[in-house]
Amino acid sequence: MSTKKTTIWFIINPISGTRRKKKLPTLIRKHLNHQKFDYKLYYSQYKGHAAELTKQAVAKKIDIICAVGGDGSAHEIGVNLIHSDSCLAIIPRGSGNGISNHMGIPNRTVRAIKCLNNCFQIKIDTVAVNDSHFLGIGGYGIDAFIAKKFDRSGKRGLKTYIKHTVQEFYKYKPIQVEIEIKERSQMVDAFLLSIANTSELGNRFAISPNSSVQDGIIEMVIVKPFPKWTSPFLVARFIGKKGHKSKFVETIKFEKATLKLNDDLAHYDGEHIKERKMIKIKVVPSSLNIIVNKNKLSKI
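Residues numbered from 1 in each chain as written. Predicted model: local features only at pLDDT ≥ 70, side-chain atom pairs only at ≥ 80, totals over all residues. Heavy atoms only, no water.

1. So, the pattern of salt bridges
Side-chain pairs of opposite charge can arise whenever the charged atoms involved come near each other. To keep it simple, the criterion reads: Salt bridge, as used here, is a side-chain nitrogen of Lys or Arg placed within 4 Å of a carboxyl oxygen of Asp or Glu. Only runs of H or I of at least four residues qualify as helices and only runs of E of at least two qualify as strands under DSSP, and these elements are numbered from the N terminus. For each residue, the accessible area found with a 1.4 Å probe, counting protein chains only, is set against the maximum for its type, and the residue is called buried under 20%, exposed over 50%, and partly exposed in between.
Inspection of every chain in the model, using the stated rule, returns seven salt bridges. Glu 219 serves as the salt-bridge partner of Lys 253, at 2.9 Å between the closest nitrogen and oxygen. Of the two residues, Lys 253 sits in strand β12 (residues 249–254) while Glu 219 sits in strand β11 (residues 218–223), which places them 34 residues apart along the sequence. Salt-bridge contacts for Lys 274 lead to Asp 264; the nearest nitrogen and oxygen are separated by 3.8 Å. Of this pair, Lys 274 sits in strand β15 (residues 271–274) while Asp 264 sits in the loop between β13 (256–261) and β14 (265–268), and the two are ten residues apart along the sequence. On the basis of relative accessibility, which here comes to 25%, the residue Asp 264 falls in the partly exposed class.

Here you go:
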């Protein structure tokens, strides 16, 4: 008696990151467990195409939709799987890979495919923000400004991101934010304000190392204005997962909040958008099925 196989659609972003993807079909064919899975490959051809393919997959009741790309690809596919029976998987091929890093997915493609073979699935929280959602990190301040520059540059990779950061860092002016949580409000100046469901922005920059995607709580990380000469030390602290202990950093745990900003730029999972200046944010508990590395579950 034959057992029904699990169905997977791989949606490949051909322009994410800097690594070539010509070998991907061969690697998937060679290392995927074909006794367990039936699969198809699709390439996203324009912005929004991955979202369209994902909606088709959900309608067809495909079991797993695998984002092959970076945080932007995981975002475009993942937000369209919220509250569905289908499951997100990720093969990281992007510039930062913050979401997959948090989920313990190996950055090496063959290892990521073998992790997918284990098919260890959990439910995670997502974040609702005004009329949209995100999975990992939302941001207002310099990271949103850099995300816009990065998106328009036409070049991908960490070097491009660093170049734009260095160019803009010393002339960037902090944003002003009014934060309202449980009817209490405060005004802050923020060089960077991140809403963290996962722990890192990407490239191991741990903006909120204690964040969990299974606790029904999100963190607001505020990096306040600081002397520019201290920036290398502050960056090193974030990479070392100790940035939240800096006197220039404040972390607020919450379930629901309202922000009023003097700036309309935001990013969600690295994808920049023009946002309204009043932003309503809330956690959406256990709203997305995702495949993770079961050996890293304690850190997820």
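2. Quick notes on the nonpolar core
It is characteristic of soluble globular proteins that their nonpolar side chains tend to be buried jointly. We apply this condition: Residues enter a nonpolar core if they are buried and are Ala, Val, Leu, Ile, Met, Phe, Trp, Tyr or Cys, with the set joined through side-chain atoms within 4.5 Å. Only heavy atoms matter for contacts: two residues are in contact if any of them lie within 4.5 Å across the pair.
Ranked by size, the top nonpolar core spans 42 residues in total, and within it Phe 10, Leu 88 and Met 103 carry the most contacts. When near neighbours in sequence (up to four residues on either side) are disregarded, Leu 88 contacts Ile 65, Ala 67, Ala 74, Ile 77, Gly 78, Leu 81, Leu 135, Leu 288, Asn 289, Ile 290 and Ile 291. The next biggest cluster of nonpolar side chains, apart from the first, holds 41 residues, and it includes Val 129, Tyr 140, Ile 142 and Phe 248.

3. Things to note about the environment of Ser 199
The condition is simple: Polar contacts here mean pairs of N or O atoms no more than 3.5 Å apart (in protein, one a potential hydrogen donor and the other a potential acceptor; neighbouring residues in sequence count only if both atoms are side-chain atoms).
One can find Ser 199 in the loop between β10 (192–196) and β11. Ser 199 sits 101 residues away from Gly 98 along the chain, and the two C-alpha atoms are 7.8 Å apart. Aside from chain neighbours lying at most four places away, what touches Ser 199 is His 102, Phe 205, Ala 206, Ile 207, Ser 208, Pro 209 and Ser 211. At 2.9 Å, the side chain of Ser 199 forms a polar contact with the side chain of His 102.

4. What to know about the side chain of Asn 13
Counting through the fold element by element, Asn 13 comes out in the loop between β1 (6–12) and α1 (24–31). Overall, the relative accessible area of 18% leaves Asn 13 in the buried class. Here Ser 73 takes part through its side chain, which lies 3.1 Å from a polar atom of the side chain of Asn 13.

5. Some points on the sheet that holds β10
Rules: When DSSP finds at least two bridges between two strands, those strands are taken to pair. Every axis corresponds to a line fitted to the C-alpha atoms, with the helix fit spanning only the stretch in contact, and the corresponding angles, defined between N-to-C directions, vary from 0 to 180 degrees.
One open sheet holds the six strands; their spatial order is β12-β11-β10-β7-β14-β15, and the pairing between them is antiparallel. Unpaired on one side and paired on the other, β12 and β15 mark the two borders of the sheet. For this sheet the average axis-to-axis angle between neighbouring strands, irrespective of direction, equals 20°. In this structure, strand β7 (residues 137–141) lies alongside β14, joined through two bridges in antiparallel fashion. Bridge pairing links Gly 138 to Tyr 268 in β14.

6. Digging into the packing of aromatic side chains
Note the cut-off: Pairs were defined over the aromatic rings of Phe, Tyr and Trp, the Trp ring being its six-membered one, requiring ring centres within 6.5 Å. Orientation was assigned from the angle between planes: stacked under 30 degrees, edge-to-face over 60, tilted for the rest.
Summed over the entire model, instances satisfying the criterion amount to seven aromatic pairs. On the numbers, 4.6 Å between centres and 45° between planes, the contact of Trp 9 with Tyr 42 is tilted. Here Trp 9, found in strand β1, pairs with Tyr 42, found in strand β2 (residues 37–43); they are 33 residues apart in sequence, far enough to count as distant. Look at Trp 9 and you get buried, because its relative accessible area is 4%. Between Phe 134 and Tyr 268, the aromatic rings sit 5.4 Å apart at their centres with planes inclined by 5°, giving stacked as the arrangement. Of this pair, Phe 134 sits in strand β6 (residues 132–134) while Tyr 268 sits in strand β14, and the two are 134 residues apart along the sequence. Taken as a pair, Phe 134 and Tyr 268 share a single burial class, namely buried.

7. Quick look at a positive patch on the surface
Stated formally: Note that patches include only residues with greater than 30% relative accessible area and no salt bridge, and the join distances are 9 Å for like charges and 5 Å for nonpolar side chains (Val, Leu, Ile, Met, Phe, Trp, Tyr). The accessible surface values rely on the Shrake-Rupley method and a 1.4 Å probe; as for residues, cover is taken only from the protein chains in view. The convention is simple: Lys and Arg are positive, Asp and Glu are negative, and His and the chain ends are not counted. Positions of charges follow a simple convention, taking NZ of Lys, CZ of Arg, CG of Asp or CD of Glu.
A cluster of basic side chains, namely Lys 30, Arg 108, Arg 111 and Lys 114, defines a positive patch on the protein surface. With respect to the helices and strands, Lys 114 occurs in helix α5 (residues 109–118).

8. Considering unusual backbone geometry
With phi around 50°, Asn 130 is a residue other than glycine that occupies positive phi space. Looking at the secondary structure, you find Asn 130 in the loop between β5 (121–129) and β6. Its identity is not glycine, yet Arg 204 carries a phi of approximately 65°, on the positive side. Examined against the element boundaries, Arg 204 turns out to sit in the loop between β10 and β11.

9. Description of the pairing of strand β4 (residues 87–92)
Short version of the rule: Note on handedness: a clockwise path from strand one over the helix to strand two, with the strands aimed away from the viewer, defines a right-handed crossover.
Among the six residues that make up β4, six are buried, leaving the element largely enclosed by the rest of the structure. Pairing analysis gives six bridges linking strand β3 (residues 64–69) to β4, with the strands arranged parallel. Bridged to Cys 66 within β4 is Ala 89. For the crossover that starts at β3, traverses helix α3 (residues 71–78) and ends in the parallel β4, the hand is right-handed. Looking at chain direction, β4 and strand β16 (residues 278–291) are connected through two bridges and run parallel. Opposite Cys 87, over in β16, you have Asn 289 as the bridge partner.

10. With respect to the packing of α1 against α5
The condition is simple: Here roughly perpendicular refers to angles of 65 to 115 degrees, roughly parallel to angles under 35, roughly antiparallel to angles over 145, and oblique to all remaining angles. Each crossing gets its handedness from the near helix: less than a right angle anticlockwise from the far helix is left-handed, clockwise is right-handed.
Following both chains from N to C, one finds α1 and α5 inclined at 40°, their axes separated by 10 Å at the closest point. As judged from the angle between their axes, α1 and α5 are oblique. Where α1 crosses over α5, the handedness of that crossing is right-handed. Seen from α1, the contacting residues are Leu 24, Leu 27, Ile 28 and His 31; seen from α5, they are Thr 109, Val 110, Ile 113, Lys 114 and Asn 117.

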